[in-house]
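Now for the letters of each chain:
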4 protein chains.
Amino acid sequence: MRRRLIVGVMGGGAADRRTTELAYRLGRLIAAADWILLNGGRNCGVMAASAQGAKENGGLTIGILPDADRRQAAPWIDVAIVTGMGSARNAINVLSSDVVVACTGGAGTLSEIALALKAGRTVILLEFDVRSAFAGQTAAGRLLLAATPEEVIAQIRRLHPVAPQTHPA
Amino acid sequence: MRRRLIVGVMGGGAADRRTTELAYRLGRLIAAADWILLNGGRNCGVMAASAQGAKENGGLTIGILPDADRRQAAPWIDVAIVTGMGSARNAINVLSSDVVVACTGGAGTLSEIALALKAGRTVILLEFDVRSAFAGQTAAGRLLLAATPEEVIAQIRRLHPVAPQTHPA
Amino acid sequence: MRRRLIVGVMGGGAADRRTTELAYRLGRLIAAADWILLNGGRNCGVMAASAQGAKENGGLTIGILPDADRRQAAPWIDVAIVTGMGSARNAINVLSSDVVVACTGGAGTLSEIALALKAGRTVILLEFDVRSAFAGQTAAGRLLLAATPEEVIAQIRRLHPVAPQTHPA
Amino acid sequence: MRRRLIVGVMGGGAADRRTTELAYRLGRLIAAADWILLNGGRNCGVMAASAQGAKENGGLTIGILPDADRRQAAPWIDVAIVTGMGSARNAINVLSSDVVVACTGGAGTLSEIALALKAGRTVILLEFDVRSAFAGQTAAGRLLLAATPEEVIAQIRRLHPVAPQTHPA
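Note that the structure is a prediction, hence the values are computed from the model and not measured. (Residues numbered from 1 in each chain as written. Chains lettered and ligands numbered in written order. Predicted model: local features only at pLDDT ≥ 70, side-chain atom pairs only at ≥ 80, totals over all residues. Heavy atoms only, no water.)

### Structural notes on the pairing of strand β2 (residues 36-39) of chain C
All names here are of chain C.
Item 1. Side chains Ile36 and Leu38 project from β2 onto one buried face, and the interleaved Leu37 and Asn39 project onto a second face that is buried too.
Item 2. Of the strand pairs in this sheet, strand β1 (residues 6-10) and β2 are connected by 3 bridges, and their pairing is parallel. Note that in β2 the partner of valine 7 across the bridge is leucine 37.
Item 3. At this point the chain moves from β1, through helix α1 (residues 17-32), to the parallel β2, and the crossover so formed is right-handed.
Item 4. The pairing of β2 with strand β3 (residues 60-65) spans 4 bridges and is classified as parallel. Note that in β3 the partner of asparagine 39 across the bridge is glycine 63.
Item 5. Since β2 and β3 lie parallel, the crossover through helix α2 (residues 45-55) that links them has a hand, and here it is right-handed. (Buried < 20%, exposed > 50% of the residue type's maximum accessible area, 1.4 Å probe, protein only. Helix = DSSP H or I, 4+ residues; strand = E, 2+ residues; numbered from the N terminus. Pairing = 2+ DSSP bridges. Right-handed = clockwise from strand over helix to strand, strands pointing away.)

### Section: the interface of chain B and chain D
Item 1. Chain B puts 4 residues into the contact, and the matching count from chain D is 4 residues.
Item 2. Carbon and sulfur atoms supply 63% of the area buried between chain B and chain D, which totals about 240 Å² over both sides.
Item 3. Considering only the side of chain B, the residues that lose the most area to chain D are Gly84, Met85 and Ala88 of chain B, jointly responsible for 94% of the buried surface there.
Item 4. On the surface where chain B and chain D come into contact, there are 0 residue pairs in polar contact (both at pLDDT 80 or more).
Item 5. For the side of chain B that touches chain D, the class distribution of residues is 2 nonpolar, 2 polar and no charged. (Contact = heavy atoms within 4.5 Å. Buried area = accessible area lost by both parts, 1.4 Å probe. Polar contact = N/O pair within 3.5 Å; in protein donor to acceptor, adjacent residues only side chain to side chain. Nonpolar A, V, L, I, M, F, W, Y, C, P; charged D, E, K, R; others polar.)

### Examining the relation of the copies chain B and chain D
Item 1. Note on the copies: chain B fits chain D at an RMSD of 0.0 Å, the axial shift is 0.0 Å, and the rotation between them is 180 degrees. Viewed as a symmetry operation, the transformation between the two copies matches a two-fold axis. For chain B, the smallest separation between a C-alpha atom and the rotation axis is recorded for methionine 85 of chain B, amounting to 2.0 Å.
Item 2. When the interface residues of chain B are mapped onto chain D, 100% of them again lie at the interface, so the same face is used by both copies. (Least-squares fit on C-alpha atoms with pLDDT ≥ 70 in both.)

### Here's the deal with the relation of the copies chain D and chain C
Item 1. Superposing chain D onto chain C requires a rotation of 180 degrees together with a translation of 0.0 Å along the rotation axis, leaving an RMSD of 0.0 Å.
Item 2. The residues that chain D uses at the interface reappear at the interface of chain C in 100% of cases, marking a shared surface.

### A look at the interface of chain D and chain C
Item 1. Every contact between the two is made by 33 residues of chain D and, on the other side, 33 residues of chain C.
Item 2. Carbon and sulfur atoms make up 67% of the area that chain D and chain C hide from each other, which totals about 2,500 Å².
Item 3. If you sort the residues of chain D by the area they bury against chain C, Arg70, Leu95 and His167 of chain D come out on top, with a joint share of 22%.
Item 4. On the surface where chain D and chain C come into contact, there are 2 salt bridges.
Item 5. Aspartate 98 of chain D is paired through a salt bridge with arginine 70 of chain C; the nearest N and O atoms lie 3.6 Å apart.
Item 6. Scanning the region where chain D abuts chain C turns up 4 residue pairs in polar contact (both at pLDDT 80 or more).
Item 7. Counting only elements with at least two residues in the side of chain D that touches chain C, the list comes to β2 (36-39), β3 (60-65), β4 (79-82) and α3 (89-95) of chain D.
Item 8. Sorting elements by how many residues they give to the side of chain D that touches chain C places β4 of chain D first, with 4 residues.
Item 9. Here the side of chain D that touches chain C is built from residues that sort into 21 nonpolar, 7 polar and 5 charged. (Salt bridge = Lys/Arg side-chain N within 4 Å of Asp/Glu carboxyl O.)

### Let's talk about the sheet that holds strand β1 (residues 6-10) of chain A
Residues and elements named next belong to chain A.
Item 1. A sheet is described by the order of its strands in space; here 7 strands give the open sequence β4-β3-β2-β1-β5-β6-β7, paired in parallel fashion. Of all the strands in the sheet, just β4 (79-82) and β7 (143-146) have a single pairing partner and so form its edges. The sheet shows a mean angle of 25 degrees between the axes of neighbouring strands, direction not considered.
Item 2. Pairing of strand β5 (residues 99-102) with strand β6 (residues 123-126) involves 3 bridges; the strand directions are parallel. (Axes fitted to C-alpha atoms, helices over the stretch in contact; angles between N-to-C directions.)

### Examining unusual backbone geometry
Trans peptide bonds make up the majority, and among non-glycine residues the majority have a negative phi.
Residues and elements named next belong to chain A.
Item 1. One non-glycine residue, glutamate 127, adopts positive backbone phi at about 55 degrees.
Item 2. Mapped onto the elements, glutamate 127 comes out in the loop between β6 and β7.
Item 3. Classification of glutamate 127 as partly exposed rests on a relative accessible area of 35%.

### Overview of the pattern of salt bridges
Item 1. What the rule picks out here adds up to 36 salt bridges over all chains.
Item 2. Salt-bridge contacts for arginine 3 of chain A lead to aspartate 98 of chain A; the nearest nitrogen and oxygen are separated by 2.8 Å. Within this pair, whereas arginine 3 of chain A is found in the segment before β1, its partner aspartate 98 of chain A is found in the loop between α3 (89-95) and β5, the two being separated by 95 residues in sequence.
Item 3. What makes arginine 3 of chain A buried here is its relative accessible area of 15%.
Item 4. Among the ionic pairs, arginine 18 of chain D bridges to glutamate 127 of chain D, the shortest N-O distance being 2.5 Å. A residue pair is termed long-range when its members are at least 10 positions apart, and arginine 18 of chain D in helix α1 (residues 17-32) and glutamate 127 of chain D in the loop between β6 (123-126) and β7 (143-146) qualify at 109 residues.
Item 5. Among the ionic contacts, a cluster of salt bridges with common partners joins Arg3 and Asp98 of chain A together with Arg70 of chain B.

In structure tokens, the structure reads:
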């Protein structure tokens, strides 16, 4: 069987207008590609915007909440996973994603980029160039840059030309 | 907005034939009610059977995996949440569920019943009467018994007569 | 090299006078045996009482806190491990213990007994006989009953006649 | 009551000779200051070296292990906290530390720096200048640079001139 690709979208809970718009457009395109959008689930910043974009385009949205209270979730989240684990849930965000996209963010987003690289995931940076922090590391080859949401989608298609197989096949 | 109810189905990774059949039927009924099925995601026992039942009836299935490897997931799981946290993920299973159903299981299932009660969830025991372990506790009133999957569904309908509201409303 | 044995003491955050006194005496005896006491760290019930007993007898006390705030810790805790993970930290409590003692408690304590058995630990029940909940399970052989703190110590000595070796040896 | 300060020492599991020597010296100085050393606990790189330095100087060493197996621990770890949570334990490392020191490392260490800043901790970078990655962030003021282990100690003394109070006082 085939399963739908899961695209993790990370980025700041506090986001400026441009970042929010990019996140919304990215969410729309992820839904259009029939991929599942996964993010941190809260009702603010990149999380809310990307979920809204996906949901308004018919997508499926998963939010991994840091707190123990489901009411934190943005209303565009279809399935809220309630961890009650604070930032430790960042590790779940990246492990659960086939590929990670990082929009502009703060220390939380940087932790997710680092955890994703540590876990062997490829990370696509959307207008958030932090490659210098990882220069010289073996994981640096899995850190890609994209200028637009459309470019993110094209990069994901190159990385995953076909839908993943379930296991056992 | 309204969201779909999330029903957590717990139970043994090693399950006998009768337990497996009950879990399969329960999964079918959860899908028929248009609820989301959430379980531990692995490809064995109650997890695989309940996911298969839901999936073959058009349901949406979420699996919270203990290990860091997505290939653990049963093929009937639509969205695998990869925690890499072992049994600590049991806390996520119950926090993420609006209501928890416990089929026959072992120590892992008992830990989930206890964690669910601790987190304020109602637990419906399907042919797995462990009420004596919780006798005398304040949480005991949230521990219900059901003889059939159909009765589980009826009990959930009584607990949740309408689909939950998203927050903020 | 040898290392000191770690004894996990579980039990209710709300505890009656008798349970509190037993926990205090147990803490004293664990310190007298030169073992490390590990518990849930909070400043109430069995956690505070067992830590006080150990600390006032010169012991070393480790508390695994559920919340993200160190100020939760009982003042008799030498080292507070701050998890910010709520009840998911119960899994850490038992994995970190060489042997687990369960004093009287509620759903949280029951979850720790179940998680300990699942993780292959032996659990000694001090005046908290919940063996019926685990009857018929393969893990039931690792569930022992003790009538007094002194008996708990004797049972631990039988299980661990010499201090464990560090690894690599 | 006063309690001992907990100094978290992060850094690569794979470390070159110079980094290992710095970590060892840092561990010695932390023990000499009568602080508790906390790290990731494994028997390699900065974890093993800093624990050895502290232990050989009479210090107390706490290791927060990623896996579920205590035998991972370096032999210089007095208390191994067994999380079974992989990199999610990085969040525990920094929450449990009063102050975090980062020696040279890879993606895991970067995740710990980011998580520490997110959690409000001050991070002292020992010959590991990744300040550019956090430039422009509000947390940047809590990211300090040190050229030697001795300078790290002096910075910690400035941040914590007296031992912390336990709570409740």
